[in-house]
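Residues per chain, in single letters:
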Amino acid sequence: MSGKRIKLSGAAYQKAAKEKKKNNEELLQKIPKLHSFFHTRIVGSPEMIPIEEYSQSKRCLPTDISKIEIPLNTTDDTKVTEISTQPHSQQAEITVYDFNEKSQIPGPDPVKWNLNLDSINFLLANPPKIDISTIPFAETKRMFGNISRRLTPDHFMRKLQNGEKKLREWILYSPSKNALFCFQCLLFSPKPTVFGNKNEGFINWKKCNESLQEHETSKTHAESVRIWFSRIKKEDRGVIDLELKLNIENQISYWKNVLYRVVETVSFLASRGLAFRGNSHNFGSKQNGNYLGCLELVAKFDPFLSAHIANYGNKGKGNVSYLSSNICDEFISLMSDTVIDKIVSEIKERKYFSLIVDSTPDVTTRDQLTVAIRYISNEGLPVERFLGFIPSVGHKGSDMEQALLKKFCELNIDLKFCRGQSYDNASNMSGVYNGLQTRIKNYSSKAFFVPCSSHSLNLIGSNAADTTQEGTKFFFICQAIYNFFSVSTFRWNILTNIIEKNPGCVKIKKLCSTRWSSRYDVCRAMCNGYAQVLSALNTICDDEGQKKDTRHEARSIKNKIESLNFCFMICMWTPILQRFNATSISLQSIDIDLATVVTLYDSLEKYVEDFRERFDVYLEQAKTMCSKQLFSWDGVRQKKRNKFFDETESNEELLGGEQKMKCEVFYVIIDKLAMNLRERKLSYTDINNNFGFILKLDTLDTNGIRESAKNLVKIYPEDLNETFIEELVQFKNILNLFSKEDKSSFISLLKCLTNSSLLTTFPNVEIVLRIFCCMASSNASGERSFSVLKRIKNYLRSALVDEKMSSLSILNIESDILQQIDWSDIIHKFAVLKSRKKLI
């Protein structure tokens, strides 16, 4: 039994473990730490946030530039290391500092400095900079008998013999002691001086000027400056970590050069909407995509990148090269966020903006809601910026409302400064009860809804064409002609060869279902190439080699377009659509305001009313074109309607010939166009009437100006005060000095006022012009983003995730902002996001 091992209880084991742990801790405390055998050198700021760390070197430095060491709390025995992220052309700084009880970081008050080797080295690398604006001169009061004296800003300036003043950078002010000190003498003075005495300092304000002049010209101060300057020059000489520092600087410069080429490649591809990846992720493969392909192309003429690819390329996961697809995606997201931050900062600076929202399905039939915003730049010009796509929102006004609120909350944009909304005419957008525009007004009551002027113009033409059978039939035949020739290359070549022999003719076009005013291209092609199309149809009809159904279809189309009805519709619609198309293009411009929209609608309405009297002109043109004198219903027995038993006899006669085309087709279409233009114009006239008087100040009397100004103050009480009324009366006299071009529109007037010295005199006038000009008159910017969407997310990239798709769209649409961003800023943010935090 004596040789048997005695098993301890659980409590005994715990007690023995605690004693062992206590003994180990006591032993570790007695062992000196490694950094206590070396003197540390302090360079850099006490508030250090390291951005980048070193790559692999002889000292076993980490290869990943993203592995950064950041102390969250600067406690005892904690070492901080920092490398600044300056461009590769500049020298990087390295910071090494030991925090212990004897060596505290020097603060702004020199009285509280604990001067020793570490603190002096720190102050050499981080000399305190005097800021006169932060000194409380009113609190520096001292009494000399019955007379009080204070420090003044002039005490910190040295007046030279020629009258110039220089800042005395050597002066330090202590708030706790209410005294002045000399920075150089406080550290290195060989003899005690009144400005170098840490315990007292200089406090005699009565003789402050004389003492300052005497001290800065003394030999003691000059010697202190000499020692200080020599210490700065010798700072980088003979230090123990010089080799380490040089190695770190080389590694920083190396990886920054790599990232610089990556950023430029990503920017190039994204701004042009090109695809990035291919089927392979290896260098040297023909299917590795545009991203790696561009890097290979640059490497052919760049020895640095060529060597980097040779050393780090195709090594697989776990090896740092910063050329992988993950890093590429991170830069795409980071650059997109940087562009958005730039846009948001401009919006907040200019305060007022308007919303532009629209939706469309992408190639995967996933609905994408585009969000754009319009505001006025610092130069006084309207700017429309794209903020991204929001996927799968739905078509209900409530769903879109929540999506927009979430989006603007993430961007930190306040909707109460929204002063306009521009959507299409769909009920879920424009509805006065549950539409999106009504819901947005709950957050900004002055966010007036402005229907898209270009969409409205398209609806005007579409509704007018559908009012008559002849109008609908005309465009149906035009599309049938295009379908007949385009479906066969043989037929298309026949038509093309005939058109090329006749200069001035245009190839036939197809109808566009969305851009209705673009049907002008269809009518123009038919008007100029009518004879050529007819000749091509005759050729196909007479060709015995064609199928019977093809010849029959060609003969059917030929009979339809040979009629006087078809030719008259060509002659009528071509000039109308020409003006509608030109107006629509103008309405889609960014540099347009609501006053110009009303003017364009007015001019188009008058043009249509004048067009009503030109029936005979276009009838003669149609007869000349087809060489026929009768319409299709002439010579055909007209059926009379049977009368009911209770109807009285009348001499009603059915219209025929020219009168039927004139009364039942021509007048109906023209009157419908004029009526729709008049109705649609009211949506813009109501808002324009509130502001339009500003361009007519020279024709209004003072009372009329005051009444109109009071109305604006009532509408915008949070943006304008009562001084705007008298301010506008005075502005009337100033407006006469502007050129005719400067006051031709609100945008030109705002630009002229913004760039002049009158802005501080008429601030409320500028606010009114800014509010009016920021109202979007069309959502063409949203429609343009759909074109980018089709290029970014096509059938080959249908699996693209929503976040990346939106980021690529932003970089492509707002490429002008992307080009203005410094690549070093992008790399700096990338290093911050990729940092690793740990204590040494």
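Reading the values: rules and limits
Residues numbered from 1 in each chain as written. Predicted model: local features only at pLDDT ≥ 70, side-chain atom pairs only at ≥ 80, totals over all residues. Heavy atoms only, no water. Pairing = 2+ DSSP bridges. Helix = DSSP H or I, 4+ residues; strand = E, 2+ residues; numbered from the N terminus. Contact = heavy atoms within 4.5 Å. Axes fitted to C-alpha atoms, helices over the stretch in contact; angles between N-to-C directions. Buried < 20%, exposed > 50% of the residue type's maximum accessible area, 1.4 Å probe, protein only. pLDDT = per-residue confidence, 0-100. Expected span 1.5 Å × (residues − 1). Arc of directions from axis to C-beta. Parallel < 35°, antiparallel > 145°, perpendicular 65-115°, else oblique. Left-handed = near helix turned anticlockwise from the far one by under 90°. Nonpolar A, V, L, I, M, F, W, Y, C, P; charged D, E, K, R; others polar. Core = buried A, V, L, I, M, F, W, Y, C linked by side-chain atoms within 4.5 Å.

Novice: Explain the sheet that holds strand β12 (residues 418-422) here, please?
Specialist: The strands making up a sheet associate through hydrogen bonds between their backbones, and the pairing can be parallel or antiparallel. Pairing is mixed across the open sheet formed by five strands, whose spatial order is β11-β10-β9-β12-β13. This sheet does not close on itself; its edge strands, each paired only once, are β11 (382-391) and β13 (448-449). Most of the contacts of helix α27 (residues 780-792) go to strand β9 (residues 353-361), to which it runs at about 40°, and overall it touches β9, β10 (367-376) and β11.

Novice: Help me understand the pairing of β9 in this model?
Specialist: Where a strand is regular, its side chains alternate between the two sheet faces. For β9, the buried fraction is high: seven of the nine residues fall into the buried class. When β9 meets β10, the two strands line up antiparallel, connected through nine bridges. Its bridge partner being in β10, Ser359 is matched across the sheet by Leu369. Here β9 folds back onto β10, and the loop between the two strands holds five residues, one of which, Thr365, carries a positive phi near 60°. Strand direction decides the pairing type here: β9 and β12, joined by four bridges, are parallel.

Novice: Sorry if this is basic, but what is going on with the confidence of the model for the chain here?
Specialist: Close inspection of predicted coordinates is inappropriate for parts of the model with low pLDDT. Counting all residues, the mean pLDDT for the chain is 82, and 86% of those residues have values of 70 or more. Residue range residues 38-103 is modelled with pLDDT below 50. Its contacts to residues more than four positions away, or to other chains, number 177 contacts.

Novice: What is the right way to look at helix α18 (residues 548-561) in this model?
Specialist: Owing to its 3.6 residues per turn, the α-helix aligns residues three or four sequence positions apart on the same side. Here α18 spans 20 Å end to end across 14 residues, near enough to the 20 Å set by a 1.5 Å rise per residue. Those residues of α18 lying buried are Thr550, Arg551, Ala554, Ile557, Lys558 and Ile561. Buried residues of α18 fall within an arc of 130° about the axis and therefore sit on the same side. Opposite its buried face, α18 presents the exposed residues Lys548, Asp549 and His552, each directed more than 90 degrees away. Where α18 is buried, its residues touch α14 (469-486), α15 (489-500), α17 (530-542) and α19 (564-587).

Novice: Explanation requested: the packing of α15 against α17 in the structure shown.
Specialist: What describes two packed helices is the angle between their axes and the distance between those same axes. At a minimum axis separation of 9 Å, α15 and α17 run at an interaxial angle of 135°. When the interaxial angle is binned, α15 and α17 end up oblique. The chirality of how α15 crosses α17 is right-handed. On α17, the residues that touch Arg491, Ile494, Leu495, Ile498 and Ile499 of α15 are Gln532, Val533, Ser535, Ala536, Thr539 and Ile540. Taken together, the residues that form the contact of α15 with α17 break down as seven nonpolar, three polar and one charged.

Novice: It is not clear to me how the nonpolar core should be interpreted in this structure. Could you clarify?
Specialist: One broad rule of soluble globular proteins: the nonpolar side chains tend to lie buried together. Ile481, Phe485, Ile561, Phe566, Phe568, Trp573 and Phe731 are the most contacted members of the largest nonpolar core, which has 111 residues in total. Top element by residues in this core is α19. It accounts for 13 residues. Other than its neighbours up to four places away in sequence, Phe731 contacts Leu697, Leu749, Leu753, Phe762 and Val765. Counting residues in hydrophobic clusters, the runner-up holds 72 residues, among them Ile347, Val383, Met400 and Ile827.

Novice: Mind showing me how you'd approach helix α24 (residues 723-735) here?
Specialist: Between its terminal C-alpha atoms α24 stretches 18 Å, which fits the 18 Å expected from 13 residues at 1.5 Å a residue. Within α24, burial applies to Phe724, Ile725, Glu727, Leu728, Val729, Phe731, Lys732, Ile734 and Leu735. Where the residues of α24 are buried, they touch α23 (702-715), α25 (746-754) and α26 (763-773).

Novice: How do you make sense of the side chain of His215 when you look at a structure like this?
Specialist: Residue position: His215 is located in helix α4 (residues 208-216). Leave out the neighbours within four places in its chain, and His215 touches Trp170, Cys182, Cys185, Thr193, Phe195 and His221.

Novice: Any chance you could explain unusual backbone geometry here in plain terms?
Specialist: What you tend to see is this: most non-glycine residues have negative phi, and most peptide bonds are trans. For Tyr322, which is not glycine, the phi dihedral falls at a positive 60°. Here Tyr322 shows up in the loop between α8 (303-312) and α9 (325-350). For Ser392, which is not glycine, the phi dihedral falls at a positive 50°. Mapped onto the elements, Ser392 comes out in the loop between β11 and α10 (397-411).

Novice: Honestly, the environment of Phe156 in this entry has me stumped. Any pointers?
Specialist: Here Phe156 lies in the loop between β4 (147-149) and β5 (157-159). The spatial distance from the C-alpha of Phe156 to the C-alpha of Lys166 is 8.6 Å, given a sequence separation of ten residues. When sequence neighbours within four positions are dropped, the list of residues in contact with Phe156 reads Ile130, Ile132, Ile135, Phe137, Leu151, Lys166, Leu167, Arg168, Ile171 and Leu180.

Novice: Can you walk me through the environment of Met335 in this structure?
Specialist: Checked against the element boundaries, Met335 lands in helix α9. Its relative accessible area of 1% is what places Met335 among the buried residues. Through-space distance from the C-alpha of Met335 to that of Lys829 is 9.5 Å; in sequence the pair is 494 residues apart. Residue contacts for Met335: discarding those within four places in its chain leaves Val263, Val266, Ser267, Leu811, Leu818 and Ile826.

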